[in-house]
Amino acid sequence: MCGIVAYTGYREAYPVLLKGLKRLEYRGYDSAGIALLNGDLNVYKKKGKVSDLESHLKETQLHSTIGVGHTRWATHGQPNDVNAHPHYSFNKRLAIIHNGIIENYNVLKQDLTNKGYQFLSETDSEVLVHFIEDVQANSNCSLEEAIRLALHQVVGAYAIVVISKDHPDTLFAARKGSPLVIGVGKGEHFLASDATPIIEYTSDVIYLDDLEIAVITKDKVSIKSLDDVLTTPYVHTLEMELEAIEKNGFDHFMLKEIFEQPKSVKDSMRGRVNAAKGHLLLGGLRDYLNKLVHAQRVVILGCGTSWHAGLVAEYLFEEFARIPVEVEYASEFRYRNPIINEGDVVIAISQSGETADTLAAIELAKSKGAIIFGVCNVVGSSIPRATHAGAYTHAGPEIGVASTKAFTAQVTVLSMMAIIVARAKGTITESQYQELLVEFENIPAKIQRILDKHAQIEYIADIFKDARNFLFLGRGYNFPVALEGALKLKEISYIHAEGYPAAEMKHGPIALIDEEMPVVFIATRDSSYEKIISNIQEVRARKGRVIVVATEGDALVEKMAEFVIEIPHTHEALVPLLSVIPLQILSYHIAVMRGCNVDQPRNLAKSVTVE
Ligand code: F6R
């Protein structure tokens with residue numbers, strides 16, 4: 001949420017910042033702005049997309065080798081030019097960009113107002129930069145010291161970069177709860193919310209830790225804790241390829257990411273599954289396998305799509321490893337007084353690794369003595385660093401705001417975990433184990449076969465693109481897939497959609513069925529097949545329009561449904577890896593046909609770093 005980019009070095013800063021903001025735009029797209037320092041400290045900002053800022057600045061001379069940029073997802077104050085970042089301090093000698101929420105900004109603002117400070121915007125961020133100015137004036141200290149003293153009094157989450165007229169070659173950055181990555185070049189340094197704006201210049205990065213302040217010039221990075229203790233930064237080498245963050249000929253990142261799934265699922269399994277040798281390994285699990293084998297209970301935490309992946313994992317862990325599972329919305333868990341007993345293991349799932357609610361839920365579970373295992377996609381992000389152990393999903397950067405390949409990668413890793421634990425516990429037979437390994441290896445090719453039916457799904461999308469509502473129904477492993485299908489459709493096409501366990505329909509939602517209601521059934525040939533066939537009949541009897549995701553060659557469904565999307569047969573436990581694909585494609589096309597911005601749906605941001 002909110003993207004931050006900054007540069008100091010020998011290049012023209014503006015093009016670096018602009019390109020960086022475009023790469024970070026998935027984090028927020030309400031407004032964008034930059035500040036450039038070249039004798040004067042100039043701030044330029046505009047409501048709307050980064051491209052609006054770019055057009056606005058077309059005729060402006062923007063020479064500087066140091067600057068900061070921001071793309072905003074509004075929290076305090078409407079999206080408009082004034083609330084856009086950067087914000088000047090009161091004397092205009094400082095400017096700040098901020099990602100996060102300063103919770104006590106009202107108290108600080110009142111104090112500053114009493115001292116005569118005036119504010120232009122409604123944002124908490126402007127309060128922070130005025131506050132830093134005030135602390136420096138009162139303490140007669142260096143800017144670094146003033147930032148440190150100010151941050152000690154701040155309640156909330158932040159990643160900030162401060163640029164100062166009095167320090168023409170220096171960037172000051174700090175973080176608590178919101179990510180910041182420093183790119184280390186030769187004679188230049190970069191700063192960003194994630195590595196995507198950095199990788200075309202350098203693959204050497206330093207992840208700033210919580211409660212650290214970095215002072216960065218073109219030649220030097222010095223990092224201290226908020227308690228003024230110098231730290232020795234560790235330089236990581238990124239493995240990300242530039243190609244992974246480009247659209248590569250696809251119209252949208254979402255479509256590219258849907259089509260990447262044969263590869264991304266394979267990448268999630270690479271070096272981990274080998275059916276011929278009977279191997280299934282997750283390096284990160286090794287030291288904690290015993291904890292899971294003896295777990296009395298598994299608690300799974302996540303939000304949105306990651307929570308849906310958690311629901312699939314509930315079925316997997318219960319069926320194969322025979323461990324009771326509870327799947328919790330991280331946002332609810334963190335504000336309850338949840339019971340964590342000795343012998344409970346917590347699994348936290350997150351694509352970004354930065355979701356504020358999931359991070360807070362992890363901290364709470366840790367404080368109650370739980371062992372936390374992370375399943376994350378973004379390497380080096382906050383959640384993997386907060387957990388005891390974990391496995392990366394290795395899906396590659398996901399840029400489309402609607403999660404697609406991250407879901408299938410999460411389900412892949414969680415399935416592997418459940419099966420490893422089950423085997424160690426002896427709760428599955430060797431033949432079940434071997435059958436699952438073989439089927440894992442078949443999944444990428446089967447996903448490809450569904451992608452090849454893309455045009456058929458696009459045709460169905462055209463027929464239903466004007467629907468006002470949609471229902472998605474599934475049972476067993478396909479129930480979480482129904483939820484995910486509904487979430488995909490509503491978030492990118494703004495059509496109201498609900499996912500339900502198919503049998504629950506008759507307890508309420510059936511009242512919604514009429515000749516205008518499209519109902520998507522996920523009715524693959526598995527243990528609940530007969531039951532869901534009855535549910536399809538119930539909808540047909542009420543003239544609902546039935547679309548079915550079915551197993552290839554299902555003649556019965558063919559007769560009953562208005563439209564059938566066939567998927568290859570697989571092991572029942574791995575069905576979600578296939579049945580979700582047509583739903584992603586359907587949502588994508590409906591959204592495009594309705595003229596929606598699928599990569600940047602309204603009001604959303606990719607990485608939800610505020611609660
Ligand atoms: C939906 C979507 C969101 C995320 C949720 C959690 O398409 O992308 O619902 O799944 O915000 O994000 P992560 O997985 O990054 O913790």
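Because the structure is predicted, anything quoted here is derived from the model rather than measured.

Draft legend 1. Molecular detail of the overall build of the protein. Check the secondary structure of the protein and you find 19 helices and 27 strands. Relative to the globule expectation of 25 Å for 611 residues, the C-alpha radius of gyration of the protein, 25 Å, shows essentially globular dimensions. Seen through its C-alpha atoms, the protein measures out along the principal axes to roughly 80 × 50 × 45 Å. Within the protein, the proportion of its 611 residues that are buried is 60%. Of all intrachain contacts in the protein linking residues separated by at least 6 positions in sequence, the fraction that spans at least 24 positions is 72%. For the protein, the computed accessible surface area is about 23300 Å², with 48% contributed by carbon and sulfur atoms.

Draft legend 2. A look at empty space enclosed by the protein. Here the structure, examined in full by the defined rule, presents three cavities of 30 Å³ or more. Put simply, the largest cavity is a space of about 70 Å³. Among the elements that line the lining of the largest cavity, the one with the most residues is strand β6 (residues 94-102), at three residues. Of the residues that constitute the lining of the largest cavity, the class distribution is two nonpolar, eight polar and two charged.

Draft legend 3. Local environment of the sheet that holds strand β12 (residues 212-216). Judged by pairing direction, the sheet is antiparallel, and its seven strands sit side by side in the order β5-β6-β7-β8-β12-β13-β14 without closing on themselves. The open sheet has two edge strands, β5 (87-88) and β14 (230-231), and neither has a second partner. With respect to the sheet, helix α4 (residues 124-139) is in contact with β5, β6 and β7 (156-164), its orientation differing from that of β6 by roughly 130 degrees.

Draft legend 4. Up close: the domain arrangement of the protein. Per the domain assignment, the segments of the protein are domain 1 (3-243), domain 2 (249-450) and domain 3 (453-597). Centre-to-centre separation of domain 1 and domain 2, based on C-alpha positions: 34 Å. Listed as interface residues are 10 residues of domain 1 and, on the opposing side, 10 residues of domain 2. Buried area between domain 1 and domain 2, summed over both chains or domains, comes out near 780 Å², and the portion from carbon and sulfur atoms is 53%. Taken together, the links from domain 1 to domain 2 amount to one salt bridge. Linking R385 and D209 is a salt bridge whose minimum nitrogen-to-oxygen distance equals 2.5 Å. The interface formed by domain 1 and domain 2 contains three residue pairs in polar contact (both at pLDDT 80 or more). In terms of residue class, the side of domain 1 that touches domain 2 is built from six nonpolar, one polar and three charged.

Draft legend 5. Inspection of the packing of aromatic side chains at higher detail. Going through the model one piece at a time under the given rule, you end up with 10 aromatic pairs. A ring pair is formed by F90 and Y117, whose centres lie 5.3 Å apart and whose planes are at 50 degrees; its orientation type is tilted. In this pair, F90 sits in the loop between β5 and β6 while Y117 sits in the loop between α3 (105-114) and α4, placing the two residues 27 residues apart along the sequence. With relative accessibility at 10%, the residue Y117 sits in the buried group.

Draft legend 6. Broad picture of α4. Between the first and last C-alpha of α4 there are 22 Å, a value that for 16 residues agrees with the 22 Å anticipated at 1.5 Å per step. Among the 16 residues in α4, 12 count as buried, and that is most of the element. Listed in full, the buried residues belonging to α4 are D124, S125, E126, V127, L128, V129, H130, F131, I132, E133, D134 and V135. Buried-residue contacts for α4 involve β5, β6, α3, α5 (143-152) and β7. Phi for N140, located one or two positions after α4, is positive at around 50 degrees.

Draft legend 7. Quick peek at the sheet that holds strand β4 (residues 66-72). Across the sheet, eight strands lie side by side as β3-β2-β4-β1-β10-β9-β11-β15; this open sheet has antiparallel pairing. Unpaired on one side and paired on the other, β3 (40-47) and β15 (236-237) mark the two borders of the sheet. The sheet contact formed by strand β11 (residues 204-207) and β15 spans two bridges and is antiparallel. Bridge pairing in β15 links D204 to T237. Docked against the sheet, helix α1 (residues 13-24) engages β1 (3-8), β2 (31-38), β4 and β10 (189-192), running at close to 160 degrees with respect to β1.

Draft legend 8. Just the layout of surface pockets, in detail. As a volume, the largest pocket reaches approximately 1100 Å³. Elements with a contribution of two residues or more to the lining of the largest pocket: β15 and α7 (261-269). By residue class, the composition of the lining of the largest pocket is 14 nonpolar, 14 polar and 16 charged. Shared between two domains, the lining of the largest pocket holds at least three residues of each, these being domain 1 (3-243) and domain 2 (249-450). The calculated volume of the second largest pocket comes to roughly 690 Å³. Along the wall of the second largest pocket there are 35 residues; nearest its centre are C303, G304, T305, L487 and V608. Taken together, the elements giving at least two residues each to the lining of the second largest pocket come down to α9 (304-321), β20 (344-350), α11 (356-367) and α16 (478-493).

Draft legend 9. Molecular detail of the state of the cysteines. As enumerated under the stated definition, the model contains zero disulfides in all. With no disulfide of its own, C303 lies closest to C376 among cysteine sulfurs, the gap being 12 Å.

Draft legend 10. Structural context of the pairing of strand β13 (residues 221-225). A large share of β13 lies buried, amounting to four of its five residues. Pairing of β12 with β13 involves five bridges; the strand directions are antiparallel. For A214, the partnering residue across the bridge sits in β13 and is I223. Hairpin geometry of β12 and β13 is characterised by an intervening segment of four residues between the two adjacent antiparallel strands. The pairing of β13 with β14 spans two bridges and is antiparallel. Paired with K224 across the two strands is L230, which belongs to β14.

Conventions and cut-offs
Within any chain, residue numbers begin from 1 and follow the written order of that chain's sequence. Residues qualify for local features only when their pLDDT is at least 70, as the model is predicted, and side-chain atom pairs are given and counted only at 80 or more; totals for whole chains, interfaces and linings, by contrast, use all residues. Calculated side-chain values reflect all of the structure's heavy atoms, with hydrogen atoms and water omitted. Think of it this way: any DSSP run of H or I at least four residues long counts as a helix, any run of E at least two long counts as a strand, and we number them from the N terminus. For the radius of gyration, the atoms used are the C-alpha atoms, and the globule rule reads 2.2 Å times the number of residues raised to 0.38. Partly exposed residues are those whose accessible area sits between 20% and 50% of the maximum for their type, while under 20% is buried and over 50% is exposed, using a 1.4 Å probe and protein chains only. Contacts are assigned to residue pairs with any non-hydrogen atoms lying within 4.5 Å of each other. Areas reported as accessible are Shrake-Rupley estimates using a 1.4 Å probe. Residue values count occlusion only from the protein chains shown. A cavity, in this analysis, means grid points on a 1 Å lattice covering only the protein atoms where a 1.4 Å probe fits yet has no way out; a pocket is instead an open set bounded by protein on both sides within 12 Å along at least five of seven lines, and a residue lines either one if it has an atom within 4 Å of a point. Grid points are joined across faces, edges and corners, and a volume is the space filled by probe spheres set on the points. For this classification, the nonpolar set comprises Ala, Val, Leu, Ile, Met, Phe, Trp, Tyr, Cys and Pro, the charged set comprises Asp, Glu, Lys and Arg, and every other residue, Gly included, is treated as polar. Between any two strands, at least two bridges found by DSSP are needed for them to pair. Axes here refer to lines fitted to C-alpha atoms; in helices the fit is confined to the stretch in contact. Angles between the N-to-C directions go from 0 to 180 degrees. Domain ranges listed in this record stem from an automatic or a database domain assignment. Accessible area, probed at 1.4 Å, shrinks when two parts are joined; the buried area is that loss added up over both. Each salt bridge in this description consists of a side-chain nitrogen of Lys or Arg and a carboxyl oxygen of Asp or Glu lying within 4 Å of one another. In the analysis that follows, any N or O atom pair within 3.5 Å is treated as a polar contact, provided that within protein one partner can donate a hydrogen and the other can accept it, and provided that, for residues neighboring in sequence, both atoms belong to side chains. A pair of Phe, Tyr and Trp rings is counted when the ring centres sit within 6.5 Å of each other, with Trp represented by its six-membered ring. The angle between the planes then sorts it: under 30 degrees is stacked, over 60 is edge-to-face, the rest tilted. A helix is expected to span 1.5 Å multiplied by its residue count minus one. Our working definition of a disulfide is a cysteine sulfur pair at a distance within 2.5 Å.

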